[in-house]
Amino acid sequence: MRTEPFIVMATIFAATACGNRHSNLEYPDAPCDSTTYEVFGIKVNDAYRPLENDTADATTKWVKAENALTRSYLDKIPFRDKIHNRLDILNRVHRSGMPYKDNDGKYYYFENDGKHNQSILYRMDTLDSEPEIFIDPNTLSEDGTVALTGVYQSNDGKYTAYTISRSGSDWTEIYVLDTASGKLLDDHIKWAKFTDAAWFDDGFFYSAYPAPETGKEFSNANENHNVYYHKIGTPQSEDVLAFSDTTHPLHFHQAAVAEDGSGIAIIGAGEGIGESVMFANQCKGIKDWKIVVPSQDNNNNIIDIADGKIYMLTSVDAGRNRFVVVDGNKPDKNNWKTIIPEDPDGGVLTSVQFAGPDNLIAVFDKDASNHAYLYTKEGKLIHEIEFPTYGTASFSAGKKSDDIFYSFSSFVYPSTIYKYNISDNTSKLYKATTVDGLNPDDYITEQVFYKSADGTEIPMFVVRKKDLKADKSNPVYLYGYGGFNISLNPSFSANRLFWLENNGIYVQTNLRGGGEYGESWHLAGTKMNKENVFDDFIAAAEYMIDKGWTTPDMLTIEGGSNGGLLVGATVNKRPDLFKVAIPRVGVMDMMRYHLFTIGWNWAADYGTADDSKEMAEYLLAYSPIHNIKNDGTPYPAILVTTADHDDRVVPAHSFKYAATLQAANTGNAPKLIRIDSKAGHGSGKPIAKVVDEYTDIYSFIYNNIGITPDIK
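Residues numbered from 1 in each chain as written. Predicted model: local features only at pLDDT ≥ 70, side-chain atom pairs only at ≥ 80, totals over all residues. Heavy atoms only, no water.

**Student:** So, the overall build of the protein chain: which residues are in play, and what are the values?
**Tutor:** Assigned secondary structure in the protein chain consists of eleven helices and 39 strands. Taking 27 Å as the expected radius of gyration for a compact globule of 712 residues, we find that the protein chain reaches 25 Å, a close match to that expectation. Projected onto its principal axes, the C-alpha positions of the protein chain cover 65 × 55 × 50 Å. For the protein chain, with 712 residues in total, the buried portion stands at 59%. Taking the intrachain contacts of the protein chain between residues at least 6 apart in sequence as the baseline, contacts between residues at least 24 apart amount to 58%. Within the structure as shown, the protein chain displays about 27500 Å² of accessible surface, and the carbon and sulfur contribution to it stands at 47%. Averaging the positions of the 67 positive and the 96 negative side-chain charges in the protein chain gives two centres separated by 2 Å. (Helix = DSSP H or I, 4+ residues; strand = E, 2+ residues; numbered from the N terminus. Rg over C-alpha atoms; globule rule 2.2 N^0.38 Å. Buried < 20%, exposed > 50% of the residue type's maximum accessible area, 1.4 Å probe, protein only. Contact = heavy atoms within 4.5 Å. Areas by Shrake-Rupley, 256 points an atom, 1.4 Å probe, with all protein chains shown as cover. Lys, Arg positive; Asp, Glu negative; His and termini not counted. Charge placed at Lys NZ, Arg CZ, Asp CG, Glu CD.)

Have a look at this one:
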C-alpha cells in the first residue's frame, strides 16, 4: 500500500461534498445525497449514488444539462468544423476485409466504400466473380446504430445465423437466413450475450441470460448464463436448455461443437483469468461431461474439435502458451500432446489456425509485435512469413480450403490484404486501403524501452514524422491500457493519423497487466500489483519529457475502459504531469464496479472490495472517484466520455467521476463529460459517431494545449 487508509478517507469526504464549485464554468448540480457505507469497517462516502439510477428523472435532467454545457464549450472552438471535415475524409475510405470460403463453397468478405456507417457482407462464387450483397447491416437501422457482430453458417451451408447488437449494447439478437436465397426466416433469439451460433444437426447452440427487468436492461448484474439449443423453424420458447451451472451463477458458458458431430465442449469463464473446459462425445442427450480443464486459472482457447479430439491453445504449464491436442476420452493433461511448444525465446503464442488439411499458421507476439510462422500439422516448423515492419496480422485460413489470406497493419500502414502461397512462401498483394494524403515514408516508428519505478523495462512505440526533432514544444498523445492480458500491438487508426499529420507524436506503451510477455507480465499488473500499471504509465510520460520530446504543457493522455481507469488513477497521482486527460468509458468506482452488469467478471484482474480488508484498502487507495484532490491542486483539462447504452462499463462510473471532479477544487481547467446517445462501449459504432467523437476529443485537446491545427 502506498497510501494509508485514513489519508484516503480524508480525501474521499472532501472530494465528494455536494455543491462545491471551483471553476470558471457553470457546472450543473448533480443528484447528490448523504449515502455512506462500510466495507470491513472502512466508511466510504458515496454522495453521488443517485447517479447510478440512469433512468431516474434527476439523472436524465443532469445528463441533458451536462451535454448542453459540453456542447456549448466544444461548439465555440473555432477550428472544430475543420477538424470534423478532415476526420470525415480520413475515415470515409474504401476498406475491405479478407475473403473466406464458407460451407456453401462460396467466398465471403466485408467491404465498406467509405459512404456507409457499417461494413457490408458480400459473397461471390469464385475469387474472380462479381460479388453480390449478402447482408447489409445499414438497412437494419436508419442511423447505422445496428451492428452485424457475427456470421455463422451451418455445416451443410443451408442456413446462415447472424448476430446483431443495437446501439452498442452487449445484448445480442440472433437471426437466421436461408443461405441460397438470402431469405430471412422466422427464427429470432433475444437476450443472448457473449455468444456465437454453434451449429449441430438442424439447429445451433447459443448462450443467453434470462430476460432482464424492464428499465434495468443496461445496469443490473447479469447472472445465470446458460447454453441453449435452438432447432430451426421453432420459437425461442421451445429451445432446449443444454447446459446450466446454478452453483456458479456468475460464470459465462459457451459451446464449441465438432463439425463432424463427434463432440461438444463447454467453455466456462468469469471467475479466474482464463477458461475451464468440459467435453462430451455426443451432442444430443448429453449426460456425461468429462473435465478437460477443471479451473479458470489458465487461458484455454479451443481452435478445433474433430474426431473426438480437441485442438487447443493453452497456458497450462506454459505461461506464454502452447498448442496441444487432447483426446476427449482421455482428457487428463498428462495425456495431452504438444504440437507447438512454448517459445523458449520469450515469444507469446497468440493464435493458431489450420491452413489447408496439412498445415498450421501460428502467430507469436515478440516485443508487442506480431510474427507469423508456417508449420506442418504435426508441429514441424517450415518457415517464417515475413512482414514489412512492426505490426499486427490476422489470417483467413481453414482446413477445407487451400486459399490463405492475411491482413497486415501498422501505425502508418492501413490494413492491407495479401494472398499467401504456401509452396513458395510468397505474399501477393490482394487489396490495399488508400488513405487521403498518407505517405508512410513520411513517418518513422521507433520502439524504445524505459524503466518503471521498480526498474522493470517497459516497451513503448513512438510514432512521428521523420523530420520532427526533439523539441519541448511537440504535442504528445500518450495511450495505454494495461490489463486483462490484452496486448497493444501496432495498428492503424485514421483518427490517429490526424494527430500525426499535424506534427503530433503518438506514443503507445505496453504496460504490465497486458499480455505482451505472457502470464507473468499480466499478473504483474493485477490485484495487489495494479499500482505497477500506473507507475509504468507515469514513467512513459517522464521518459518523453526527459528525452526532450515534450513538456507537461504539451502532453495528453488517453485510455478507454480499463484504460479509462488508468487515466483517472494516473491523473490523481500526478496531476502536474499532463495538460489534458481523456478517460473514455472508464471503470472509475473500484469499490462498487462488481455490482453492475458483468463487472463481477473483472474480479480476477482487480479483486473486489468484498474480498478482504487489505484488498478493499488497496482498491480504495487508487479508485479514481475516491482520490480526486480537493485542496486547490491544479488538474489537467479533462474530457470524460461515456454512452447511454454502455452495459459493460455502465455510465454511472463516468457520471459519478465527472460530478466529483466538478465539485472538487482542482483549478480552472475544464472538467467536462460527453455522454453519447444510442451508443455503447465502443464496438459497432457507426462511422458518423466515431467522427463526431474524435472531432470533440481533438477540439478539446488542441484548445487546451493552445495549438491551432494546420488542417489540410
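That shown, we press on.
**Student:** A description of the pattern of salt bridges should follow, citing residues and the corresponding values.
**Tutor:** For the coordinates displayed, the defined rule picks out 36 salt bridges. A salt bridge links Arg123 to Glu132, with the nearest nitrogen and oxygen atoms 2.6 Å apart. A relative accessible area of 36% means that Glu132 is categorised as partly exposed. Residues Arg320 and Glu342 are paired through a salt bridge, measuring 3.7 Å at the closest nitrogen-oxygen approach. Residue Arg320 is located in the loop between strand S21 (309-314) and strand S22 (322-327), and its partner Glu342 is located in the loop between strand S23 (337-340) and strand S24 (348-355); the two are separated by 22 residues in the primary sequence. When its relative accessible area of 21% is taken as the criterion, Arg320 is described as partly exposed. Since its relative accessible area comes to 26%, Glu342 is described here as partly exposed. One continuous salt-bridge network, built from bridges that share partners, spans Arg71, Asp75, Arg80, Asp81, Arg674, Asp676, Lys689 and Asp696. (Salt bridge = Lys/Arg side-chain N within 4 Å of Asp/Glu carboxyl O.)

**Student:** Describe the nonpolar core, listing the residues and the values that go with them.
**Tutor:** Of all hydrophobic cores here, the largest spans 77 residues; its most connected members are Trp62, Met460, Met544 and Met591. With ten residues, helix H6 (residues 531-546) is the single largest residue contributor to this core. In this structure, Leu69, Val412, Ala494 and Leu500 belong to the second largest nonpolar core, which totals 45 residues. (Core = buried A, V, L, I, M, F, W, Y, C linked by side-chain atoms within 4.5 Å.)

**Student:** If you had to explain the sheet that holds S24 to someone new, which residues and values would you point to?
**Tutor:** The strand order S24-S25-S26-S27 describes an open sheet built from four strands, whose pairing is antiparallel. The sheet terminates laterally at S24 and strand S27 (381-385), the two strands that pair on one side only. Here the average twist between neighbouring strands, direction ignored, is 25°. Looking at chain direction, strand S26 (residues 369-376) and S27 are connected through four bridges and run antiparallel. Bridged to Ala372 within S27 is Ile385. (Pairing = 2+ DSSP bridges. Axes fitted to C-alpha atoms, helices over the stretch in contact; angles between N-to-C directions.)

**Student:** So what's going on with the packing of aromatic side chains? Residues and values would help.
**Tutor:** By convention here, two paired aromatic rings are described through the distance between centres and the angle between planes. Within the structure shown, the criterion is met by 43 aromatic pairs. Measuring from ring centre to ring centre gives 5.2 Å for Trp199 and Phe204, while their planes differ by 65°; the resulting arrangement is edge-to-face. We note that Trp199, like Phe204, is buried. On the basis of an interplanar angle of 85° and a centroid distance of 5.4 Å, the ring pair of Tyr311 and Phe354 is categorised as edge-to-face. Here Tyr311, found in strand S21, pairs with Phe354, found in strand S24; they are 43 residues apart in sequence, far enough to count as distant. Here Tyr311 matches Phe354 in class, with each residue buried. (Phe/Tyr/Trp six-rings, centres within 6.5 Å; stacked < 30°, edge-to-face > 60°.)

**Student:** Now, about the packing of helix H4 (residues 494-501) against helix H11 (residues 687-705): what can you tell me, with residues and values included?
**Tutor:** Taken N-terminus to C-terminus, the directions of H4 and H11 make an angle of 25°; their axes are 10 Å apart at the nearest point. Taken together, H4 and H11 sit at an angle that is classed as roughly parallel. Crossing angle aside, the handedness with which H4 passes H11 is right-handed. Residue-level inspection shows Asn495, Arg496, Phe498 and Trp499 of H4 in contact with H11, the latter providing Val690, Tyr694, Tyr698, Ile701, Tyr702 and Ile705. Broken down by class, the residue content of the contact of H4 with H11 amounts to eight nonpolar, one polar and one charged. (Parallel < 35°, antiparallel > 145°, perpendicular 65-115°, else oblique. Left-handed = near helix turned anticlockwise from the far one by under 90°. Nonpolar A, V, L, I, M, F, W, Y, C, P; charged D, E, K, R; others polar.)

**Student:** I'd like a description of the environment of Ile705, backed by residues and values.
**Tutor:** Along the chain, Ile705 falls in helix H11. The exposure class assigned to Ile705 is buried, which follows from its relative accessible area of 6%.

**Student:** Report on unusual backbone geometry, specifying residues and quantitative values.
**Tutor:** Phi is positive for Phe40, close to 50°, though the residue is something other than glycine. Mapped onto the secondary structure, Phe40 falls in the loop between strand S1 (36-39) and strand S2 (42-45). Its identity is not glycine, yet Asp307 carries a phi of approximately 55°, on the positive side. Its place among the elements puts Asp307 in the loop between strand S20 (300-306) and S21.

**Student:** Report on the confidence of the model for the protein chain, specifying residues and quantitative values.
**Tutor:** Per-residue confidence for the protein chain gives a mean pLDDT of 92, with 94% of residues at or over 70. Contacts from residues 1-16, a stretch scored under 50 in pLDDT, to residues over four places away or in other chains number 36 contacts. (pLDDT = per-residue confidence, 0-100.)

**Student:** So, the pairing of strand S30 (residues 413-421): which residues are in play, and what are the values?
**Tutor:** If a strand is regular, its side chains alternate between the two faces of the sheet. Of the pairings in the sheet, the one linking strand S29 (residues 401-410) to S30 comprises six bridges and is antiparallel in character. Note on S30: the bridge partner recorded for Ile404 is Tyr420. In sequence, S29 turns back onto S30 through a hairpin of two residues. Count of turn residues in the S30/strand S31 (residues 426-431) antiparallel hairpin: four residues, of which Asn425 carries a positive phi of about 55°.

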